[in-house]
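Notes for the structure review
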Amino acid sequence: MENKKLKMENYYQHPVCYEEDEIDLRELFKTIVKYKKFISVFVVVVTFFAGVYAFLVTPIYQVKGLLEIGSYKSLNGIEFLDNPQSLKTKLDVIFIKQEENIENKKNWIETISIPKSSKEFLEIVSEGFSNQLAKDKLNQVVKYIQDKHKEIIDDIKTKNQ
């Protein structure tokens, strides 16, 4: 205990000296001037490659669509024409999985998802090398859904008559 007390006393009697860190702006400026050629060449080279990259890369356009799944009134209340999860799975297989291996495609469906806390909506993200191509792909999915739902509605009308 006494040994510990002596160490504590020595610590307080001889505080640790810290060296001050100073930034000498003149030295910093001299260093920058000394390497100005290197800095200039580096900036020019990086700018050149960034410009080449920007002109060579093909832009990709993205279109998002929020689709409401159709519904109808029945004796049991409002019923949906399709289950959102099963419809999402069908669309994934038809428009994403089957088209993965196609080379030189100009438009594609990137994702199909069900927004959080939603039972009747699907979010579809389409991409393409032009805005029109991306819209066309999204419209293709919408047309597919419309055709399937039209068949279901026709069946329901036939049963009710």
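Going by the structure above, here's the rest.
Residues numbered from 1 in each chain as written. Predicted model: local features only at pLDDT ≥ 70, side-chain atom pairs only at ≥ 80, totals over all residues. Heavy atoms only, no water.

Let's shift gears to the overall build of the protein. Looking only at helices and strands, one finds 5 helices and 5 strands in the protein. Going residue by residue from the N terminus, the α and β elements of the protein occur as α-α-α-β-β-β-α-β-β-α. With 161 residues in all, the protein has 20% of them scored as buried. Here the contacts in the protein between residues at least 6 apart in sequence split such that 58% fall between residues at least 24 apart. In the structure as shown, the protein presents an accessible area of about 13700 Å², 58% of it carried by carbon and sulfur atoms. (Helix = DSSP H or I, 4+ residues; strand = E, 2+ residues; numbered from the N terminus. Buried < 20%, exposed > 50% of the residue type's maximum accessible area, 1.4 Å probe, protein only. Contact = heavy atoms within 4.5 Å. Areas by Shrake-Rupley, 256 points an atom, 1.4 Å probe, with all protein chains shown as cover.)

Moving on, we get to the environment of Ser118. With respect to the helices and strands, the residue Ser118 is situated in the loop between β4 (107-113) and β5 (121-128). In this structure Ser118 comes out as buried when scored by relative accessible area, which is 18%. Considered as a pair, Ser118 and Glu68 are 50 residues apart in the sequence and their alpha carbons are 9.9 Å apart.

Take the nonpolar core next. Leu87, Leu91, Ile109, Ile112, Ile124, Val141 and Ile145 are the most contacted members of the largest nonpolar core, which has 16 residues in total. For this core, the secondary-structure elements that each account for two or more residues are β1 (61-68), α4 (84-97), β4, β5 and α5 (131-160). With residues up to four places along the chain from it excluded, the contact list for Leu91 reads Ile96, Ile112, Leu122, Val141, Tyr144 and Ile145. (Core = buried A, V, L, I, M, F, W, Y, C linked by side-chain atoms within 4.5 Å.)

All told, the structure shown has 4 salt bridges when counted by the stated rule. Note that Lys88 is salt-bridged to Asp92, the shortest N-O span being 2.8 Å. Taken together, the residues Lys88 and Asp92, both in helix α4 and 4 residues apart, mark about one turn of the helix. Each of the two residues, Lys88 as well as Asp92, counts as buried. The partner of Lys150 in a salt bridge is Asp154, and the shortest N-O contact between them spans 3.6 Å. Of this pair, Lys150 and Asp154 both sit in helix α5, separated by 4 residues, roughly a single helical turn. (Salt bridge = Lys/Arg side-chain N within 4 Å of Asp/Glu carboxyl O.)

Turning our attention to the packing of aromatic side chains. Under the counting rule described, the total for this entry stands at 4 aromatic pairs. Ring geometry for Phe38 and Phe42: centres 6.2 Å apart, planes at 25°, overall stacked. Placement of the pair is Phe38 and Phe42 together in helix α3 (residues 36-56), with a separation of 4 residues, close to one helical turn. For Phe38, a relative accessible area of 57% puts it in the exposed group. A ring pair is formed by Phe95 and Tyr144, whose centres lie 5.7 Å apart and whose planes are at 80°; its orientation type is edge-to-face. Separated by 49 residues along the polypeptide, Phe95 in helix α4 and Tyr144 in helix α5 bring together distant segments of the chain. Tyr144 gets classed as partly exposed once you look at its relative accessible area, which sits at 22%. (Phe/Tyr/Trp six-rings, centres within 6.5 Å; stacked < 30°, edge-to-face > 60°.)

Note that all results are geometric; they support no functional claim without further evidence.
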